[in-house]
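# Fold and geometry: a report
Chain by chain, the residues:
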Amino acid sequence: HVAAGLIQTLLLAIKVGLAFLVMLAIMSFNGGVFLVAVAGHTFGFFIFGSRVFNKSHPLQKSLIFLP
């Protein structure tokens, strides 16, 4: 359990560090950087966060199949 906690902590640190880098890039007041950051977040959500590319049916996750 300790190793899993350390890995989760490391991933959180990387996520927060990248978020701060994006914030600093946006604070440069460069319109192009702002548009690319928004487009990147939007594309990332579309690919990884939305259900568009989810292969399984939503009801299949809630059903329990007994042998």
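Keep in mind that what you see is a predicted model, and the values were worked out from it rather than measured. (Residues numbered from 1 in each chain as written. Predicted model: local features only at pLDDT ≥ 70, side-chain atom pairs only at ≥ 80, totals over all residues. Heavy atoms only, no water.)

The secondary structure content of the protein amounts to two helices and zero strands. Burial statistics for the protein: of 67 residues in total, 3% are counted as buried. In the structure as shown, the protein presents an accessible area of about 6,400 Å², 77% of it carried by carbon and sulfur atoms. (Helix = DSSP H or I, 4+ residues; strand = E, 2+ residues; numbered from the N terminus. Buried < 20%, exposed > 50% of the residue type's maximum accessible area, 1.4 Å probe, protein only. Areas by Shrake-Rupley, 256 points an atom, 1.4 Å probe, with all protein chains shown as cover.)

What UniProt calls "transmembrane region" (unreviewed entry) maps, in this numbering, to residues 6-26 and 33-53. Along residues 6-26 the backbone is 100% helical and 0% strand, and the end-to-end C-alpha distance reaches 30 Å. In residues 33-53, the share of helix is 81% and the share of strand is 0%. The end C-alpha atoms are 28 Å apart. (UniProt positions renumbered as here; feature names shortened; annotations may be inferred.)

For helix α2 (residues 31-49), spanning 19 residues, the distance from its first C-alpha to its last is 26 Å, which sits close to the expected 27 Å at 1.5 Å a residue. Among the residues of α2, the N-terminal cap falls to N30, whose side-chain oxygen and the backbone nitrogen of G32 are separated by 3.1 Å. (Expected span 1.5 Å × (residues − 1). Polar contact = N/O pair within 3.5 Å; in protein donor to acceptor, adjacent residues only side chain to side chain.)

On to the side chain of S50, then. With respect to the helices and strands, the residue S50 is situated in the segment after α2. Taking relative accessible area as the criterion, S50 reaches 19% and is therefore assigned buried.

Another point: unusual backbone geometry. In this structure, F29 is a non-glycine residue whose phi angle is positive, near 60°. The topology assignment puts F29 in the loop between α1 (2-26) and α2. On the basis of relative accessibility, which here comes to 78%, the residue F29 falls in the exposed class.

So, on to a nonpolar patch on the surface. Where nonpolar side chains cluster on the molecular surface, the patch consists of I7, L10, L11, L12, I14, V16, L18, F20, L21, M23, L24 and M27 and spans about 1,200 Å² of accessible area. By the element assignment, L11 lies in helix α1. (Patch = residues over 30% accessible without salt bridge, like charges linked within 9 Å, V, L, I, M, F, W, Y side chains within 5 Å. Salt bridge = Lys/Arg side-chain N within 4 Å of Asp/Glu carboxyl O.)

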